[in-house]
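# A look at the structure
Chain residues, written in single-letter form:
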Amino acid sequence: MKLDAKIPSGPIQEKWDRHRFELKLVNPANKRKYSVIVVGSGLAGGSAAATLGELGYHVDCFCYQDSARRAHSIAAQGGINAAKNYQNDGDSIWRLFYDTVKGGDFRAREANVYRLAQISNAIIDQCVAQGVPFGREYGGLLDNRSFGGAQVSRTFYARGQTGQQLLLGCYQALARQVNTGQVKMHVREEMLDLVLVNGRAVGIVTRNMVTGEIRKWVADAVVLATGGYSNAYYLSTNAKGCNTTAVWRAYKKGAVFANPCYTQIHPTGIPQHGEYQSKLTLMSESLRNDGRVWVPKEVGDKRAPGDIPEGERDYYLERIYPSFGNLAPRDVSSRAAKRMCDEGRGVGPGGRGVYLDFEDAIHRVGIDTVRARYGNLFHMYEKITGEDPYKVPMRIYPAPHYTMGGLWVDYNLMSTIPGLFVIGEANFSDHGANRLGASALMQGLADGYFVIPYTMGDFLAQNGPSGVSLDDPAFAETENEVRARIDRLLNIGGDRTPDNLHIELGKVMWDYCGMSRTKEGLEGALEKIPQIRQEFWENLKVVGNNESLNQTLEKAGRLADFMELSELMCRDALAREESCGGHFREEHQTEDGEAKRNDEDFSHVSVWEFKGEDQAPEMHKEALTFENCKPSIRSYK
Amino acid sequence: MELTLHVWRQDGPDSPGRMEIYKADDVSSDMSFLEMLDVVNERLLEEGKEPIAFDHDCREGICGTCSLMINGVAHGPEEGTTVCQLHMRKFKDGDSIYIEPWRARAFPILRDLVVDRGAFDRIIEAGGYVSVATGNAPDANTIPVNRDESEMAMDAAACIGCGACVASCPNGSAMLFVAAKVAHLGHLPQGQPERQKRVLAMVEQMDKEGFGYCTNHYECEAVCPKEIPRKFIAEMNRDYLKAGMAAE
Ligand SMILES: Cc1cc2nc3c(=O)[nH]c(=O)nc-3n(C[C@H](O)[C@H](O)[C@H](O)COP(=O)(O)OP(=O)(O)OC[C@H]3O[C@@H](n4cnc5c(N)ncnc54)[C@H](O)[C@@H]3O)c2cc1C
Ligand code: FES
């Protein structure tokens, strides 16, 4: 397989402009002859569907929630980056580009990242025009905050609800298109497979989650914007319904999967509190602007935090990484927290936690300012833990949060299946081995508002209508496969519930393919996962039928795909004999425990191709070249 | 703790419903309400019975999916809290808890505790937006926005569209939901050009969907998990009157 990233030639600053000029256009009158399916209504899918609708394409947009407005983008708290340099603190497109490439530990494609930084400013303009109520200064202009991995303030925010406000902006744009009839929104409609004719993506098969009806949809192109796969770990900061089904089905139909092992474990989750726990809640990274992270200096110090004097506290991020301090990037901060806990200095139940303390900030700026900045997060923390963070420091622990890996796409965001585009968290494109905070919202909206509208036009102009109808036998065939899979899930008749099996899988993933990984552990996981998968197919219990709202069946279907994806994640982690970004192989570390990259052998994207049910997938490589950011040792010290 | 749950079960949109009783023992006070239901559901499933269907997704109080009436109160006893953020420490050992779906003419029940809130989407589709196509926007700092106005817009925009306001209103009115969107855009300069058109279109759609009228009970404000204030309803009434007169 030849992977052609289709990166335009020329200097990096000119690539996107030149490319846009070279892309073919569909003339306005012809756009209405084309139809596009967009799966997902989050920031990526919602913005794509709205914009494609505005341009005149017929769009069918799908989500599994009961409203497009509830996509998991809504949960993003902290903010969105842009290179506006409104703070006059030295920011620029170039700096955002450089920070993102470095933050990704030199494992992302330069050209994509540069484009992202370029587009970032237009995103803020668009959102403000839609009525997104970003935080403002008294003079009426936009305010910024700082986020990890950057030394400038470039993050725009709407209290602790940035994702919600951006998504509402995008949902409103989508609603406007629904009103004009350009977009049809299909809620509670879950994509279960992709349909190809002559190798081109021409449609999908869905299950209506209320009636169980299996439905087929045909179009000239398909866009997947279905989010990330952190729920492979069972416990993560993602919503309960987040799943890998759409991308996994596409993978099994021939779209290659890039860097599945690149997962982000976020440093500031609320620690797990019991076996029954159903998800992890994130405390926004923005808290690290004012919160100081510490653990007791002494191993096993069980005193209450207030009883531990200043001199007996170890503000370890400030100590180890003085130039970034509490704003060290996520991968670095998470691993540091794990090291502290492994040393026996963790706090809270089981010693799996570190303090995030606001006492100094309250003294410095006053409790009212702290409340204004983070009130809703403090409130949420108190509800969950029953503790008041204005009085006692928060306890936090790393939590699976984001997946940098995803379906491989070229510069046009098209996968290896012609006509299948992948945007937002579902693709692998921009964040390399570690994503910086406030960059996912930026990427989702860049892809949807400003990239796909151009590149989709080029694809349609070059390839014309698919000419396929629902009568094509490929649709019936795919529908039969979908029905067969559902019947199989319903008829196993075993005695283990989907959650019970998912917890078992999640534990293996967390232990062996989580914050730190070893050859031995991964090999063990690669033996265990097929056993759990076999147990799933032999001993799963689902009650009820397909023809009604059946949440157990939904869970089982999603879990079946996680069972397969997890194995690929481990395989990829095993093959990558280096540490980079969120991927930490214990065998590859510096003397002081930092990640040790191996540029000689691993400066590439690992791209996996499905070869058949009982076959090992084949790995391909897309070499990464760095002409503008010299790979350096990523130091935040 | 040990609890007795009385739960509304209904097989489908057209089936009759009934209350069923379940015991929940071994409930930890650190559990969230939905985690308590998860445990009950796991047990039902193990017994070969169909678990209780309920809507939820983010479990962080932001997506607006969860929607339960608990002892007659939308989202349960804790103020300013969605049911996914409600924790069992708010209950006592031995409590009986009544769990029902949102009940309103405009929110038909789909199954058990799951309802159809599509009417809310249709209200937004009728006009709850600024008509600005992608690429049309001027630089974000071109128009300074008074900070207090912008904060007010944010107070309104915090609405998560869960529908608790409708469920708790004796008239099944959606006024707080609609007013929040009208106020969000109405307090920003970007929302001005379509301000009048917007309020008329949204209110018209609200009426079409079968939501009731507001007769000033303010139950909506009392249960709103985002504590959206009722003053937005008064603002909307003013906007609506003005717009109506202008239209005549
Ligand atoms: C708690 C939290 C906080 C975060 N905070 C920040 C932040 O401050 N800044 C930042 O930049 N990033 C943040 N992120 C990351 C960021 O929010 C996400 O990466 C981003 O929003 C993903 O957007 P998306 O459009 O790709 O996917 P999503 O928003 O997840 O949308 C996925 C869509 O696909 C649909 N879908 C999925 N599967 C199917 C299927 N099989 N059939 C039909 N539809 C399907 C869903 O219904 C949904 O509409 C945060 C993430 C989390 C979890
Ligand atoms: S589940 Fe999202 S608000 Fe409750």
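The notes below deal with the structure included here.

All right, on to the sheet that holds strand β14 (residues 354-357) of chain A then. All names here are of chain A. Read from one edge of the open sheet, 5 strands run β11-β15-β14-β12-β13, paired in antiparallel fashion. Bordering the open sheet on either side are β11 (263-269) and β13 (313-314), each of which pairs with just one other strand. Pairing between β11 and strand β15 (residues 394-403): 5 bridges, direction antiparallel. When the bridges of β15 are listed, glutamine 264 appears paired with tyrosine 402.

What follows is about the packing of helix α3 (residues 43-55) of chain A against helix α12 (residues 440-463) of chain A. Two quantities define a packed helix pair, namely the angle between the axes and the distance from one axis to the other. All names here are of chain A. Contact geometry of α3 with α12 gives a least axis separation of 8 Å together with a crossing angle of 30°. Comparing their axes, α12 and α3 come out roughly parallel. Of the two elements, α3 crosses α12, and the hand of that crossing is right-handed. Within the contact between the two elements, α3 uses Leu43, Ala44, Ser47, Ala48, Thr51, Leu52 and Leu55 and α12 uses Leu441, Gly444, Leu445, Gly448, Tyr449, Ile452, Pro453 and Met456. Of the residues assigned to the contact of α3 with α12, the class counts are 11 nonpolar, 4 polar and no charged.

Okay, the pattern of salt bridges next. Here the structure, examined in full by the defined rule, presents 81 salt bridges over all chains. Ionic pairing is found between Asp410(A) and Lys6(A), a salt bridge with its closest N-O pair at 3.5 Å. On the criterion of sequence distance, the pair formed by Asp410(A) in the loop between β16 (406-407) and β17 (420-422) and Lys6(A) in the segment before α1 (12-22) is long-range, its members being 404 residues apart. Take Asp410(A): its relative accessible area is 3%, and that puts it in the buried class. The partner of Glu221(B) in a salt bridge is Arg230(B), and the shortest N-O contact between them spans 3.5 Å. Since its relative accessible area comes to 28%, Glu221(B) is described here as partly exposed. Judged by its relative accessible area of 38%, Arg230(B) falls in the partly exposed class.

What follows covers the packing of helix α4 (residues 93-103) of chain A against helix α5 (residues 110-130) of chain A. Residue and element names in this part refer to chain A. Packing of α4 against α5 brings their axes to within 9 Å, and their N-to-C directions diverge by 135°. As the angle between them shows, α4 and α5 are arranged oblique. Crossing hand, α4 versus α5: right-handed. Contacts between α4 and α5 involve Ile93, Trp94, Leu96, Phe97, Thr100 and Val101 on the former and, on the latter, Glu110, Val113, Tyr114, Ala117, Gln118, Ser120 and Asn121. A per-class count over the contact of α4 with α5 returns 8 nonpolar, 4 polar and 1 charged.

The next subject is the nonpolar core. Leu224(A), Leu5(B) and Phe33(B) are the most contacted members of the largest nonpolar core, which totals 233 residues. In this structure Leu224(A) touches Val39(A), Met191(A), Ala246(A), Val247(A), Ala250(A), Leu407(A), Leu420(A), Phe421(A), Val422(A), Ile423(A) and Ala426(A), once residues within four positions along its chain are discounted. Membership of the second largest hydrophobic core comes to 35 residues, among which are Ala361(A), Val370(A), Phe378(A) and Ile384(A).

Another point: the interface of chain A and chain B. Residue-level contacts link 76 residues of chain A with 77 residues of chain B. Sorting the residues of chain A by area buried against chain B places Arg70(A), Tyr276(A) and Lys383(A) first, and these three jointly supply 11% of that buried surface. In this structure, the connection of chain A to chain B is made through 6 salt bridges. Where Asp155(B) meets Arg159(A), a salt bridge forms, and the shortest distance between an N and an O atom there is 2.9 Å. The interface formed by chain A and chain B includes 50 residue pairs in polar contact (both at pLDDT 80 or more).

Residue and element names in this part refer to chain A. Spatial ordering of the open sheet is given by β16-β10-β18-β19, a layout of 4 strands whose pairing is antiparallel. The sheet is open, and its two edges are formed by β16 and β19 (618-623), each paired on a single side. In the sheet, strand β18 (residues 604-609) pairs with β19 via 6 bridges, with the strands oriented antiparallel. Within β19, the residue paired with tryptophan 608 across the bridge is methionine 619. Of the strands in this sheet, β10 (257-258) and β18 touch helix α16 (residues 551-575), which is tilted by about 140° from β18.

The rules behind each value
Residues numbered from 1 in each chain as written. Chains lettered and ligands numbered in written order. Predicted model: local features only at pLDDT ≥ 70, side-chain atom pairs only at ≥ 80, totals over all residues. Heavy atoms only, no water. Pairing = 2+ DSSP bridges. Helix = DSSP H or I, 4+ residues; strand = E, 2+ residues; numbered from the N terminus. Axes fitted to C-alpha atoms, helices over the stretch in contact; angles between N-to-C directions. Parallel < 35°, antiparallel > 145°, perpendicular 65-115°, else oblique. Left-handed = near helix turned anticlockwise from the far one by under 90°. Contact = heavy atoms within 4.5 Å. Nonpolar A, V, L, I, M, F, W, Y, C, P; charged D, E, K, R; others polar. Salt bridge = Lys/Arg side-chain N within 4 Å of Asp/Glu carboxyl O. Buried < 20%, exposed > 50% of the residue type's maximum accessible area, 1.4 Å probe, protein only. Core = buried A, V, L, I, M, F, W, Y, C linked by side-chain atoms within 4.5 Å. Buried area = accessible area lost by both parts, 1.4 Å probe. Polar contact = N/O pair within 3.5 Å; in protein donor to acceptor, adjacent residues only side chain to side chain.

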